[in-house]
Amino acid sequence: MEGTKSRSGTSSSVIADWSLVFWTLCSVLLPVLITLWCSFQRSRRQVLIRDIFRKSKHDWHYTDLFGQPSYCCVCAQHILQGAFCNCCGLRVSEGCLKKADQLFLCKEIMMRSNGGAHSSMPHHWIRGNVPLCSCCMICKQQCGTQPKLCDYRCVWCQYTVHDECMMDCLKTEECTFGEFRDLIIPPYYLSTINHMRKDKRSNYEKVVPYCRKHWMPVIILANTRSGNNMGETLLGEFKILLNPVQVFDLSKIAPAKALQLCTLLPCNTVRVLVCGGDGTVGWVLDAIDEMKIKGQERYIPQVSILPLGTGNDLSNTLGWGAGYAGEVPVEQILRNVMEADGVKLDRWKVQVTNKGYYNLRKPKVFTMNNYFSVGPDALMALNFHAHREKTPSLFSSRIINKAVYFFYGTKDCLVQECKDLNKKVELELDGERIDLPNLEGIIVLNIGYWGGGCRLWEGMGDEPYPLARHDDGLLEVVGVHGSFHCAQIQVKLANPVRLGQAHTVRLILKSSKMPMQVDGEPWAQGPCTVTITHKTHALMLYHSGEQTDDDASSVSEQDHMREQTDEDV
């Protein structure tokens, strides 16, 4: 009996042990299997969504969370996540994507031809998800106040109408294209131009939309990789307000190709808004120079800037600010572009010829818009560039970029890698040799700002100095005693060593290797001769917005500059 009890007790304990093992495995494996299954379903769903996006005429983008209360335009249900069209603003749930493609048309880039030319088009209404604080064009009351899919918005003029105010006449009424009619390229204009090109006619001035004298179509060129990575968001916002054909992503299409749109528009009317840093602006200006070489000079646009880079000194000089972080609505940016004044910007040729009797390599040639330098600031730019090449993912924030610059500037204060520069170089201004004091760096300026917002030529502003302008064919040349001296100048505790102004600058590096930079593009350079001469002018737009304390000293300079430009015109 005792043996039987012991055997039964042992078997029951074994069963209990196996039961514990089984349930333990279940508790571990079940969540893993559920996670894998969900991951498989999610990846399968993403493949299906991407396939729909690829085949669709809408510019769909998927989001896990909408930024405002949203309702599906198909089933009218409240949705937290789903797809939205960057061009027409449609918002739909994931399950309604295919149906939305069948039911709703997106913005037409070019009007469909029905055998004749068009000079107008009706409103394109979309129901629901109207902008917050929008007002009805009929009763002037606020739209979108009810927690459901309600009210209408025209994707071209952005006017909104209540459900109860919508009348049959509004559905066929001619669209005026709203506040930004002077900036939009209408679909019927491109349709007419297409007919004219087939007939080999090029007098596009006769097809100006709305018979308006002040039509100034704008082209948006956005670099989605610049600075704080806001380019992707801005692309969508501009596509909503303008014709999508006017908005280009420079990570997908080169500026030279995008600017060919200017040749389909009336001469001397086009304005370009470059969303990016100073490097992106230089890239666009190089493409404009190519247009001059091709004989397309009469189609040259005027260039404005939305600063998304780190330094943004050219943008600052032209009144567009030191950086953009979304604090100004896109609508206000377009208003600023419409109101901006035309100015000229000097562009310079920088030729670097290596020394040596048997040097067979061609000289390196750069185009300078902002500044050239040799010394500590070029060294900081070189170290920053090398670090960014190794780990580009770390440099997606303007604040982080400036912190890295500060780190390398502090390091150079201690190491002083560029000391005794005056013994290693010779400087000539308009052929006249300059006796150099004890320096660590030389900076050649074309614009008022340098180093991310410092007015280097003016310094503390307590000494008399000639006016510096960016359209007078003159360069300002200054020296600095080191990184610490640069920091003092930036906080207005010191003045630079002003070496003079000149039409031509020649710098000879006699020995050793020194860091150099042109507009933030650095490299290490051995013995050479650097020659800077005037290349051409660029047509820019100056925004006369609110003046800061740093700008106060240059108000008269900018006024004089605009007066001079008006006289030239």
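Up top you'll find the structure we're talking about.
Note that the structure is predicted; figures quoted are calculated from it, not measured.

Asks: Whenever I open this one, the overall build of the protein chain confuses me. Can you help?
Replies: Helix and strand content of the protein chain: 14 helices and 24 strands. Buried residues in the protein chain amount to 48% of all 569 residues. Long-range pairs, those at least 24 residues apart, make up 69% of the contacts in the protein chain between residues at least 6 apart in sequence. Carbon and sulfur atoms make up 55% of the accessible area of the protein chain, which totals about 28,700 Å².

Asks: Just to check I follow, could you spell out the pairing of strand β13 (residues 341–354) for this structure?
Replies: Regular strands place their side chains on alternate faces of the sheet. With 14 bridges connecting them, β13 and strand β24 (residues 528–542) associate as antiparallel partners. What sits directly across from V343, in β24, is M540. Where β13 and strand β14 (residues 364–368) come together, five bridges link them in antiparallel fashion. Residue pairing across strands places Q351 opposite V365, the latter belonging to β14.

Asks: Sorry, what's going on with the packing of aromatic side chains here?
Replies: Note on aromatic pairs: each is described by the distance of the centres and the angle between the planes. All chains considered together, the criterion is met by five aromatic pairs. Ring geometry for F177 against Y188: centres 6.3 Å apart, planes inclined by 65°, an arrangement best described as edge-to-face. Separated by 11 residues along the polypeptide, F177 in the loop between α3 (168–172) and α4 (187–198) and Y188 in helix α4 bring together distant segments of the chain. These aromatic residues form a ring-pair network of at least three members: W156, F177 and Y188.

Asks: How do you make sense of the layout of surface pockets when you look at a structure like this?
Replies: Gaps left between atoms are located by rolling a probe of water-molecule size over the structure's atoms. Taken as a whole, the second largest pocket spans an internal volume of roughly 1,200 Å³. In terms of lining residues, the second largest pocket is bounded by 36 residues, among which Q68, P131, E237, I240 and E331 are the most central. Elements supplying a minimum of two residues to the lining of the second largest pocket: β1 (60–63), β4 (82–85), α5 (231–241) and α9 (330–339). The residue inventory of the lining of the second largest pocket, partitioned by class, reads 17 nonpolar, 12 polar and seven charged. Both domain 1 (60–112 + 120–171) and domain 2 (187–339) contribute no fewer than three residues apiece to the lining of the second largest pocket.

Asks: I would appreciate a short explanation of the sheet that holds strand β19 (residues 475–480) in the present structure.
Replies: Hydrogen bonds between backbone groups are what pair the strands of a sheet, and the pairing can be parallel or antiparallel. One open sheet holds the six strands; their spatial order is β20-β19-β18-β15-β22-β23, and the pairing between them is antiparallel. Every other strand in the sheet has two partners, leaving β20 (497–502) and β23 (521–525) as the edge strands with one partner each. Between one strand axis and the next, the sheet turns through 15° on average, direction left out of account. Of the strand pairs in this sheet, β19 and β20 are connected by five bridges, and their pairing is antiparallel. Residue pairing in the sheet places L475 in a bridge with A502 of β20.

Rules of the game
- Residues numbered from 1 in each chain as written.
- Predicted model: local features only at pLDDT ≥ 70, side-chain atom pairs only at ≥ 80, totals over all residues.
- Heavy atoms only, no water.
- Helix = DSSP H or I, 4+ residues; strand = E, 2+ residues; numbered from the N terminus.
- Buried < 20%, exposed > 50% of the residue type's maximum accessible area, 1.4 Å probe, protein only.
- Contact = heavy atoms within 4.5 Å.
- Areas by Shrake-Rupley, 256 points an atom, 1.4 Å probe, with all protein chains shown as cover.
- Pairing = 2+ DSSP bridges.
- Phe/Tyr/Trp six-rings, centres within 6.5 Å; stacked < 30°, edge-to-face > 60°.
- 1 Å grid on protein atoms, 1.4 Å probe; cavity = no way out; pocket = protein on both sides within 12 Å on 5 of 7 lines; lining within 4 Å.
- Points joined across faces, edges and corners; volume = space filled by probe spheres on them.
- Nonpolar A, V, L, I, M, F, W, Y, C, P; charged D, E, K, R; others polar.
- Domains from an automatic or database assignment.
- Axes fitted to C-alpha atoms, helices over the stretch in contact; angles between N-to-C directions.

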